[in-house]
Amino acid sequence: MIRGKIFYKGKFIEAGIEVEDGKIKRIGKLVKGRELDGIILPAGIDVHVHFRDFRESHKETIESGSISALYGGICLVVDQPNTNPPIENFEIYEERVKKAEKESYVDYALNLALTKRNLEKINETISKISEKYFLPAVGEVFIQHNDENFQIDYGELGKVKHKLTIHAEDPKFVQKGNPNFLYRKREAEIVAIKKCLEIGNFHFCHISTKDAAEMISKSKSTFEFSPHHLLLSEEDYSRIGYLINVNPPLRKKYEVEWLLKNFCLADVLASDHAPHLVEEKKEGVSGFPGVEVMYPIFVYLASKGLISFKELVEKIAINPAKIFGFQDYGEIEEKKYANFVVFDLKKVETIRASKLHSLCGWTPYEGFKAVFPEEVYIRGEEVKKSETKLGKSLRR
Ligand code: DOR
Ligand code: ZN
């Protein structure tokens, strides 16, 4: 069906891919097909997006978020449950997954929230959801959150009988103020990680400090880096001003550079796509959009040799599939879904918010270089040029 320079079992080979019923039937040097310019990588899996919708559909909807994902080379997203209203019972979980089934351009999975209100019944709710749907995790669980209902005590974490993804910032080291990097201390993350590691094994979201990255990589827990903690620092305040707030906050330049140099430590690269309107950012809310530019920026960085393609593919596709158990996703391999992306490394573009698809209308990466996908295939069908809605919600 197609031929080109395919990333296969850790390296590039010249070969063709034959697809049958949405899955890869054969990969081989003799397989014929349309010859593609550029490189063919596994489509990305972004395990951390906030697609808002419901009462916050002015910021983003499942439809706008998922078309952003598609244009960013992502074939599967995991949506976070801090929606308004939050995903804290079976009924609302089902309502959202069914909505995504109709509206999403890419495959869709949803985490369940752990709140003060659903804590007592959490394991019951997990079982009920899991009978019908594929529940990746209970998360993003907040040790610290502006909304008290989302703040969970450490002692409760051990009660949950499912994978937990944790936003680890200890409330004792978090004060309110703008810009937030002056008030939310790095100790907040380090202390929270230390305490959590004493309790058990978790998946930690968006790690932003050297100490936390080192501690987790020595444990059985896993963690994500988000692009902004590897590419942006406190110094960007002079460039983006009131847009700067994100939780955990941006760090000092030397720490950011250390994190990017030690990209290998992370298990996963996930965007923490958290869109808010510019007017809302002026009021100090935290969060950056990122699902559409993450893969393109990192493909550009890999093309320049700053990271390797092998590491990138591991963190953006292979490991997310392994850690969360997304069967048949994550690799260009026989019997797996034919989900892949074509990048032409000669086509370097400059990121402009006006060309992106998020409803929030801005990006902290204005002017950055990136290589956007030429073509995106989901289950063997080209879905970017055709803007086909092939997204499925993950079921049992
Ligand atoms: O900056 C953030 N914004 N960090 C989070 O963890 C949540 C997110 C949001 O939902 O806006
Ligand atoms: Zn988040």
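Before any of the text, the structure's been laid out above.
All right, on to the overall build of the chain then. Along the chain, the regular secondary structure elements total 12 helices and 17 strands. Taking 2.2 N^0.38 as the reference for a compact globule, 396 residues should give roughly 21 Å; the C-alpha atoms of the chain span a radius of gyration of 20 Å, in line with that estimate. A principal-axis box enclosing the C-alpha atoms of the chain has dimensions of 60 × 50 × 40 Å. The buried share among the 396 residues of the chain stands at 62%. Sequence separation of 24 or more characterises 71% of the internal contacts of the chain that already satisfy a separation of 6 or more. Each charge sign in the chain was given a centre, from 60 positive and 60 negative side chains, and these centres are 3 Å apart.

What follows concerns the packing of helix α11 (residues 294–303) against helix α12 (residues 309–324). The angle between the axes and the distance between the axes are what describe a pair of packed helices. At their nearest, the axes of α11 and α12 sit 9 Å apart, and the two run at 160° to each other. Between α11 and α12, the crossing angle belongs to the class labelled roughly antiparallel. Relative to α12, the crossing made by α11 is right-handed. Only F309, L312, V313 and I316 of α12 make contact with α11, whose side of the interface consists of M294, Y295, F298, V299, A302 and S303. Looking at side-chain class alone, the contact of α11 with α12 contains nine nonpolar, one polar and no charged residues.

Before going further, it helps to spend a moment on the coordination of the zinc ion (ligand 2). Each protein donor to the zinc ion (ligand 2) is listed here as H48 (NE2), H50 (NE2), E140 (OE) and D272 (OD); together their distances run 2.1 to 2.5 Å. Geometry at the zinc ion (ligand 2) is irregular, judged from the four donor atoms that bind it and their angles of 84 to 169° at the metal.

We now examine the pattern of salt bridges. One pass over the structure, following the stated rule, counts 31 salt bridges. For R96, the salt bridge identified is with D79, shortest N-O distance 2.6 Å. Remark: D79 occurs in strand β6 (residues 74–79) and R96 occurs in helix α2 (residues 90–103); sequence separation between them is 17 residues. Classification of R96 by relative accessible area gives buried; the value is 0%. Among the ionic pairs, K336 bridges to E331, the shortest N-O distance being 3.7 Å. By relative accessible area, which is 22% here, K336 ends up partly exposed. A network of salt bridges, in which partner residues are shared, links E18, E20, K25 and R26.

Now for the site of ligand 1. Around ligand 1, the structure places 14 residues, and the nearest of them are R52, N82, H167, N247 and H276. Between ligand 1 and H50, the relevant distance is 3.4 Å, taken from an oxygen atom to a side-chain nitrogen or oxygen of the residue. In the model, an oxygen atom of ligand 1 is placed 3.3 Å from a nitrogen or oxygen of the G287 main chain. Protein chains shield 92% of the accessible area of ligand 1, which is 290 Å² for the free molecule. A molecule is said to occupy a pocket when more than half its atoms come within 2 Å of that pocket's grid points, and by this definition ligand 1 occupies the largest pocket. Classifying every residue of the shell around ligand 1 by side-chain character gives three nonpolar, eight polar and three charged.

It is worth spelling out the sheet that holds strand β10 (residues 203–204) at this point. The strand order across the open sheet built from five strands is β8-β9-β10-β11-β12, with neighbouring strands paired in parallel fashion. The sheet is open, and its two edges are formed by β8 (138–142) and β12 (268–269), each paired on a single side. Examined bridge by bridge, strand β11 (residues 222–225) and β12 share two bridges and lie parallel to one another. Considered in β12, the bridge of F225 is made with L269.

Since one α-helical turn is 3.6 residues long, residues separated by three or four positions face the same way. Restricting attention to buried positions, one finds in helix α3 (residues 122–132) the residues I122, T125, I126, I129 and S130. All buried residues of α3 lie within an arc of 130° about the axis, which places them on one face of the element. Exposed side chains of α3 directed beyond 90 degrees from the buried face belong to E124 and E131. Contact partners of the buried residues in α3: α2 and β8.

Looking at the largest pocket, its volume works out to about 880 Å³. Surrounding the largest pocket, 36 residues form its lining, H145, N146, N247, H276 and S286 being those nearest its centre. Here the lining of the largest pocket is built from residues that sort into eight nonpolar, 19 polar and nine charged. The computed volume of the second largest pocket comes to approximately 280 Å³. If you go around the second largest pocket, you meet 14 residues; those closest to its centre are Q327, Y329, Y337, L394 and R395. The residue inventory of the lining of the second largest pocket, partitioned by class, reads five nonpolar, three polar and six charged.

Our focus in this paragraph is helix α1 (residues 62–71). Burial analysis of α1 places nine of its 10 residues in the buried class, which makes it a mostly covered element. Its buried side turned inward, α1 meets β6, α2, β7 (107–110) and β16 (373–378). Two residues or fewer after α1 comes G73, characterised by a positive phi angle close to 80°.

Calculation criteria
- Residues numbered from 1 in each chain as written.
- Chains lettered and ligands numbered in written order.
- Predicted model: local features only at pLDDT ≥ 70, side-chain atom pairs only at ≥ 80, totals over all residues.
- Heavy atoms only, no water.
- Helix = DSSP H or I, 4+ residues; strand = E, 2+ residues; numbered from the N terminus.
- Rg over C-alpha atoms; globule rule 2.2 N^0.38 Å.
- Buried < 20%, exposed > 50% of the residue type's maximum accessible area, 1.4 Å probe, protein only.
- Contact = heavy atoms within 4.5 Å.
- Lys, Arg positive; Asp, Glu negative; His and termini not counted.
- Charge placed at Lys NZ, Arg CZ, Asp CG, Glu CD.
- Axes fitted to C-alpha atoms, helices over the stretch in contact; angles between N-to-C directions.
- Parallel < 35°, antiparallel > 145°, perpendicular 65-115°, else oblique.
- Left-handed = near helix turned anticlockwise from the far one by under 90°.
- Nonpolar A, V, L, I, M, F, W, Y, C, P; charged D, E, K, R; others polar.
- Donors = N, O, S within 2.8 Å, 3.2 Å for Na, K, Ca; no water.
- Tetrahedral: all angles 85-135°; square planar, octahedral: opposite > 155°, others 65-115°.
- Salt bridge = Lys/Arg side-chain N within 4 Å of Asp/Glu carboxyl O.
- Near = heavy atom within 4 Å.
- Polar contact = N/O pair within 3.5 Å; in protein donor to acceptor, adjacent residues only side chain to side chain.
- Areas by Shrake-Rupley, 256 points an atom, 1.4 Å probe, with all protein chains shown as cover.
- 1 Å grid on protein atoms, 1.4 Å probe; cavity = no way out; pocket = protein on both sides within 12 Å on 5 of 7 lines; lining within 4 Å.
- Sits in = over half its atoms within 2 Å of the grid points.
- Pairing = 2+ DSSP bridges.
- Arc of directions from axis to C-beta.
- Points joined across faces, edges and corners; volume = space filled by probe spheres on them.

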